[in-house]
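A closer look at the structure
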Amino acid sequence: MRLTRFAALLLLALLASGCADRQATQPTKATPTTQDRFSQSGKASYYARMHHGQRTANGETHDQNALVAAHRSLPFGTRVRVTNERNGRQVVVRINDRGPFRRGRIIDLSRAAAAQLDMLESGVARVRIETVHD
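Numbering of residues begins from 1 in every chain and follows the order in which that chain's sequence is written. Where totals are concerned, whole chains, interfaces and linings use all residues; where local detail is concerned, this predicted model gives features only for residues with pLDDT of at least 70, and gives and counts side-chain atom pairs only at 80 or more. Calculation of side-chain values draws on the structure's entire complement of heavy atoms; hydrogens and water are dropped beforehand.

**Notes on the environment of Val-92**
Mapped onto the secondary structure, Val-92 falls in strand β4 (residues 90-97). Put simply, Val-92 and Val-80 are twelve residues apart on the chain and 5.5 Å apart in space, counted from C-alpha to C-alpha. Aside from chain neighbours lying at most four places away, what touches Val-92 is Leu-67, Arg-79, Val-80, Arg-81 and Val-132. For helices the rule is a DSSP run of H or I covering at least 4 residues; for strands it is a run of E covering at least 2, with both sets numbered from the N terminus onward. We call two residues in contact whenever any of their non-hydrogen atoms come within 4.5 Å of each other.

What follows is the structure, given as structure tokens:
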């Protein structure tokens, strides 16, 4: 019984010290800031009408007529140029929400942004996104 308690305490101490070392030395995944150049290619989709008027992750109310979008990691307020790779159309949107939560998608656009990219009918389009700096 005494040996088991000692072994359990030793194991607990080793686990605790191992986690502390890993946290201190392991690099963290850097989230791009608005000053960084950021570019990404992948699939874009757009919000369904039912999301109009709903609260976004940054606290705003989603407006399907505004040029806004959801991205998993870009900071809120970041402006990105979205280019439809099929037709070359572009739109600049502001990140105000998190998502998309569907595998394989990199950005969710408002309905207005999707219309400017001519992707309303297809629902999904291959795009390139790049940060825009004033």
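Let's pick the thread back up.
**Describing the nonpolar core**
To form a nonpolar core, buried Ala, Val, Leu, Ile, Met, Phe, Trp, Tyr and Cys residues must be joined to one another through side-chain atoms within 4.5 Å. Exposure classes here rest on a 1.4 Å probe applied to the protein chains alone. A residue is buried below 20% of its type maximum, exposed above 50%, and partly exposed in between. By size, the foremost hydrophobic cluster in this structure holds 19 residues, and its most contacted members are Val-82, Val-93, Ile-107, Leu-109 and Val-127. When near neighbours in sequence (up to four residues on either side) are disregarded, Val-82 contacts Arg-89, Gln-90, Val-91, Val-93, Ile-107, Leu-109, Leu-117, Val-127, Arg-128 and Ile-129.

**Digging into the pairing of β4**
By the bridge criterion, three bridges tie strand β2 (residues 68-70) to β4 in an arrangement that is parallel. Looking across to β4, one finds that Ala-70 is bridged to Asp-97. Relative to β4, strand β3 (residues 79-84) runs antiparallel, the two being bridged by five bridges. Following the sheet pairing, Arg-81 is matched in β4 by Val-92. Pairing between two strands is assigned when DSSP locates at least 2 bridges connecting them.

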